[in-house]
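Residues per chain, in single letters:
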Amino acid sequence: MSAFVRIALACLALSLSPWVLAQQVAPAPASSTGGMDMSSMPGMDHPHDAETDMSAVDHGRHGMDAMPHTRMQGGAAPPDARSADDSDGTGDGAMPGMEMRDAEPLGMLRFDQLEAFDGLHADGTAWEMEGWYGTDTDKLRLRSEGQRDGGRFDDSDAEALWSHAVAAYWDTELGVRSDFGSGPARQWLAFGVQGLAPYWFELAATAYAGQGGRTAARLRADYELRITQRWILQPEWEVNLYGRDDPQRRLGSGLSDASFGLRLRYEIRRQFAPYLGVVWTQRFGGTATFARDGGGTAFDRRLVAGLRFWF
């Protein structure tokens, strides 16, 4: 390349350099829309006064009256709507038909056993009943049990007791007991406890003091095993003890007798239930001796059939 050409090109480059620099430092367009003039588009105008002129806003009317009046959700309840707590206008504590009758005296008479028995050496009838009247705290309780065979009462008694609650499931008892049947009648003062032990065992323990320094004690326990809602198996256990011999009533001192019974009943209604069962009785010590001397035995087994009812 000749010197002329090189000089000409250099001059041309120097002449074009100011225009190139001016293009590189030119400011960017104010709009990001690629240079589009939004104000010129129909429907895209933004009245400046409505957006930015805050002085037009009435700051003194920011209350509810400034809000548009719209209807609240829900509306009025229908005339036949129930009350919120389902009381239907009934005040607190006045529940018709649900009055607590814990302080009102009530009564009950129940025959746990009214049965005929067929034993190894005798047959006859027997009973065991209980009645009471009073409140949950204090009540009069009547109890009786015994048997009749050969046309006469044998080994029977009746008790009248004042029962007082001392715990949620336990009562103390104080009263009298009268023995009748074979031999002369005996009178006793009685005191004891009865109640519901854990696992739903009914327990009763009573001590007796009679004339002539006689003493006695009776322990009882029974349980209701529900096989179904109507079939119930009831085991029962009873022990009698005496402090001294009583030959006229064929009783020996110490452990006199113990019995264990199993009765299976069917509750036609809760108040009425027939049953079948078996009872084993063992006499001990002097009582067994008196029984043998009278032609009986120390052991007896009885088949029983009877009714349980209460009202």
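This one's a predicted model, so the numbers in the text were calculated from it and none came from an experiment.

1. Structural notes on the overall build of the protein chain
Alright, step 1. Along the protein chain, the regular secondary structure elements total three helices and 13 strands.
Alright, step 2. In the protein chain, which comprises 311 residues, the share counted as buried stands at 28%.
Alright, step 3. Counting only contacts in the protein chain whose residues sit at least 6 apart along the sequence, the fraction spanning at least 24 positions is 45%.
Alright, step 4. Put simply, the protein chain shows about 20,900 Å² of open surface, and 62% of that area lies on carbon and sulfur atoms.

2. Some thoughts on the pairing of strand β7 (residues 201-210)
Alright, step 1. With 10 bridges connecting them, strand β6 (residues 186-197) and β7 associate as antiparallel partners. Bridge pairing links Q194 to A204 in β7.
Alright, step 2. Where β6 folds back on β7, the antiparallel hairpin that results is connected by three residues, among which Y199 adopts a positive phi of roughly 70 degrees.
Alright, step 3. Counting the residues that bridge the hairpin from β7 to strand β8 (residues 215-222) gives four residues, and of these G212 lies at a positive phi of roughly 70 degrees.

3. Describing the side chain of E145
Alright, step 1. For E145, the position within the fold is in strand β3 (residues 138-149).
Alright, step 2. Discounting residues that sit within four places of it in the chain, E145 has contacts with W127, E128, D155, S156, D157, R218, R220 and E238.

What counts and what doesn't
Residues numbered from 1 in each chain as written. Predicted model: local features only at pLDDT ≥ 70, side-chain atom pairs only at ≥ 80, totals over all residues. Heavy atoms only, no water. Helix = DSSP H or I, 4+ residues; strand = E, 2+ residues; numbered from the N terminus. Buried < 20%, exposed > 50% of the residue type's maximum accessible area, 1.4 Å probe, protein only. Contact = heavy atoms within 4.5 Å. Areas by Shrake-Rupley, 256 points an atom, 1.4 Å probe, with all protein chains shown as cover. Pairing = 2+ DSSP bridges.

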